[in-house]
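Residue-level structure breakdown
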Amino acid sequence: MHTNVNVVIPAYKPDQKLIEIFKMMEASSHPVEKIIVMNTVESDDDKEGRNIIKLSDKHGYTYNKDFIEIIDVNKEDFDHGRTRKEGATHISKDCDYILFMTQDAVPYDSELIKELLNGFSVSDDDSVENCVSKTIIGVSYARQLARETSSLAEKFTRNFNYPDEDMVKSLKDIETLGIKAFFCSNVCAMYKRDIYESLGGFIDRAVFNEDMVFANKLIKNGYAIKYASKAKVYHTHDYTGMQQYKRNFDLAVSQKMNPDAFEGISSESEGVKYVIAAFKYFCKNKRPFEIIPFGINCVYKYLGYRKGKRYNTLSKEQILKCTSNRAFFENGE
């Protein structure tokens, strides 16, 4: 029986990478029935997908409205949780799995869909250390690769967060993995539709981290998460220190706003492991002094995270200086 997969992609001022995603989905070894693009608009030039159609023409791609459905989202209405949740309401009636992606996550090869679907099967002889035989997998997420042009620090970060070994994470792993038990990135993550809908989908208001909040709910309801390392996308960002500060501020705010999901689960110990592993990686690559700019960026991350943990004591003006998601706080929080 054919397994029906739909893809949901929030987009804001997309570039050529979105067209690359369209092309790779058309070439997928496992067919994709439909792509829903939640297109954040700022002007009439963006409405009804005119910006994306123009982008398609520019890069020689033939836009097919039967394959790609574009839904307009006013900029002030965009939300990391609600917008994705709305996108899922536009999937086809017979959709079995929903793949959420970002506009810059380009599939490594034509096997992405197949490998993510394989992630929902766990055999009795699976050798993965954290495997739970016969566990029901609710979400399968992909490995993120750095491009050759990325910095050494970014290559390390992708390898650290996305190793080349599969993992299954369930309730029993919270004690040993801590917050990493809920790590699951909507940069490229496939959800089993019936489980996703039964748990109510993503939260309606999310400054960030909607994927981990849902993953927490998934695990606490007895399901498991699969990291499918053979499913791969190119996705990298060489952020500045201030960009790291703002992202980690938002990360901490999301944890503070969702105490049921994150209260009592520490994430700061992961930072120590991260820095030690980075230094070893730089030494192995004969560039030990890379630890200096890397360490400075880590300080920015830590300061942003600590500030975000007490965002509720800050004035709105202070918050707007710290966040990378100003619209979230300007429109109600």
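Okay, so let's go over this structure. Every chain is numbered independently, its residues counted from 1 as its sequence is written. Only residues with pLDDT of at least 70 get local features here, since the model is predicted, and only at 80 or more are side-chain atom pairs given and counted; chain-wide, interface and lining totals rely on the full set of residues. Side-chain measures were taken over the full set of non-hydrogen atoms in the model, leaving aside hydrogen atoms and water.

Quick look at the pattern of salt bridges now. When a carboxyl oxygen of Asp or Glu is within 4 Å of a side-chain nitrogen of Lys or Arg, the pair counts as a salt bridge. For the structure on display, the rule yields 17 salt bridges. Between Asp-194 and Lys-192 there is a salt bridge, and its shortest N-O distance comes to 3.2 Å. On the basis of relative accessible area, Asp-194 is assigned to the partly exposed category, the value being 45%. Among the salt bridges present, the one from Arg-326 reaches Glu-330, with a minimum N-O distance of 3.5 Å. Separated by four residues within a single helix, Arg-326 and Glu-330 lie in helix α14 (residues 326-330), roughly one turn from each other. Burial classes: relative accessible area under 20% of the type maximum marks a residue as buried, over 50% as exposed, and values in between as partly exposed (1.4 Å probe, protein chains only). For helices the rule is a DSSP run of H or I covering at least 4 residues; for strands it is a run of E covering at least 2, with both sets numbered from the N terminus onward.

So, on to helix α2 (residues 50-58). For α2, the complete set of buried residues consists of Asn-51, Ile-52, Leu-55 and Ser-56. Down the axis of α2, the smallest arc covering the buried residues is 140 degrees, so these residues share one side. The exposed residues of α2 that point more than 90 degrees off its buried face are Lys-54 and Asp-57. Note on contacts: a residue pair is in contact if any heavy atoms of the two residues lie within 4.5 Å. Looking at the buried residues of α2, the elements they touch are α1 (16-26), β2 (34-41) and β3 (68-74). Directions are taken from the helix axis to each C-beta atom, and the arc is the one they span.

Attention now goes to the nonpolar core. Only buried Ala, Val, Leu, Ile, Met, Phe, Trp, Tyr and Cys residues count toward a nonpolar core, and they belong to the same one when joined by side-chain atoms within 4.5 Å. If you look at the biggest cluster of nonpolar residues, it comprises 38 residues, and the most contacted ones within it are Phe-22, Met-25, Ile-35, Leu-99, Met-101, Leu-112 and Met-190. Considering every element that reaches this core, the biggest residue donor is α1, with five residues. For Leu-112, the contacting residues outside a window of four places in its chain are Met-25, Met-101, Pro-107, Ala-142, Cys-188, Ala-231, Lys-232 and Val-233. The next biggest cluster of nonpolar side chains, apart from the first, holds 36 residues, and it includes Val-8, Val-139, Phe-202 and Leu-218.

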